[in-house]
Amino acid sequence: MEKNNGGSAQHRILRKDAPEYFCHGHKQILNRPMRSAGRSSSEYMGCYRFFFIPVTVVDLSGQGLQKLSPMLPCSADTRTLVLDKNQIIKLEHLEKCKKSYTANNRLVRMMGVSKLVHLRVLNLPHNSIGYVEGLKDLVHLEWLNLAGNNLKVIDQINNCVSLQHLDLSDNNISQIGDLSKLLCLKTFLLHGNNITSLRTASTSLPQNLSILSLAENEIRDLNEAWLVTLHKEKRYPLDPNTKKETSGNYGNHGIE
């Protein structure tokens, strides 16, 4: 592995098609196909069980995974696990990860999330999740994306006191829930829902919010005092029911 001037290993991404995918610690088989190394499958997999390449991002997207195995290639060096576009129905064995990306899967519940107390990024858009759960102890969570699910209420998010980015767009939410304790929250995306009123917003939302997206909702009164005040301060646009101005792709979602 290449090293920088300081001698420490550079950040690397472990790709699902890399020849060195499984094993680290046996130089003679790194970067070589399994059979050309002169080892049997059992010997190779034995190595897989105990040695992992010290990478920071593991990409297992689009592999048709239905269940997460305890043998996932997640070492202490792994910070990000990408599981997008699979068939996963339950989050498990992810305790070591700090960033988890599981978009476009078959999740209907957030079972297993409560154990991921070290998570900083949780990306679960375009699943079939019906309600928020398991976030009570995720005090380090900074980025939460639940866009494109089946959420109807905003619940159990107020304990994520480190949260800076919250995306609940394209759900079925009709009221803004209590997020007043999220003092670090800067971005709140709520477009594409069923919000009809912002009457509780002044007490439900944190004062330091910088970006609030309300496009494509059903807000009837654009003269509500709270919304007018914000518009005069130029903090948020006064067109919450017009054409959506955002594409749903917000940078790199915190991937490093």
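Remember, it's a predicted structure, so these values are computed and weren't measured experimentally.

Participant: What is the right way to read the overall build of the protein chain from this model?
Facilitator: Across its full length, the protein chain holds three helices and nine strands. When the helices and strands of the protein chain are placed in sequence order, the string is β-α-β-β-β-β-β-β-β-α-β-α. For the protein chain, restricting intrachain contacts to residue pairs at least 6 apart in sequence, the fraction spanning at least 24 positions comes to 30%.

Participant: So what exactly am I meant to see when it comes to the environment of Leu-72 here?
Facilitator: Locating Leu-72 in the fold gives a position in the loop between strand E2 (57-59) and strand E3 (80-82). Along the chain, Leu-72 and Val-58 lie 14 residues apart, while their C-alpha atoms are 9.6 Å from each other.

Participant: How do you make sense of the pattern of salt bridges when you look at a structure like this?
Facilitator: Side-chain pairing between opposite charges can occur once the charged atoms of the two side chains come close. According to the stated counting rule, one finds two salt bridges in the structure shown. The shortest N-O distance in the salt bridge between Glu-133 and Arg-109 comes to 2.9 Å. Within this pair, whereas Glu-133 is found in the loop between strand E5 (121-123) and strand E6 (143-145), its partner Arg-109 is found in the loop between strand E4 (99-101) and E5, the two being separated by 24 residues in sequence. Judged by its relative accessible area of 13%, Glu-133 is buried.

Participant: Teacher, can you tell me more about the confidence of the model for the protein chain here?
Facilitator: One rule of thumb: low pLDDT means the predicted coordinates there are not for detailed reading. For the protein chain, the mean per-residue pLDDT works out to 75, and 63% of the residues sit at or above 70. Under a pLDDT of 50 for its full length, residues 1-52 has, in the predicted model, 69 contacts with residues more than four places off or in other chains. Considering only residues more than four positions removed or in separate chains, one finds that residues 242-256, a stretch of pLDDT under 50, has 31 contacts.

Rules used throughout
- Residues numbered from 1 in each chain as written.
- Predicted model: local features only at pLDDT ≥ 70, side-chain atom pairs only at ≥ 80, totals over all residues.
- Heavy atoms only, no water.
- Helix = DSSP H or I, 4+ residues; strand = E, 2+ residues; numbered from the N terminus.
- Contact = heavy atoms within 4.5 Å.
- Salt bridge = Lys/Arg side-chain N within 4 Å of Asp/Glu carboxyl O.
- Buried < 20%, exposed > 50% of the residue type's maximum accessible area, 1.4 Å probe, protein only.
- pLDDT = per-residue confidence, 0-100.

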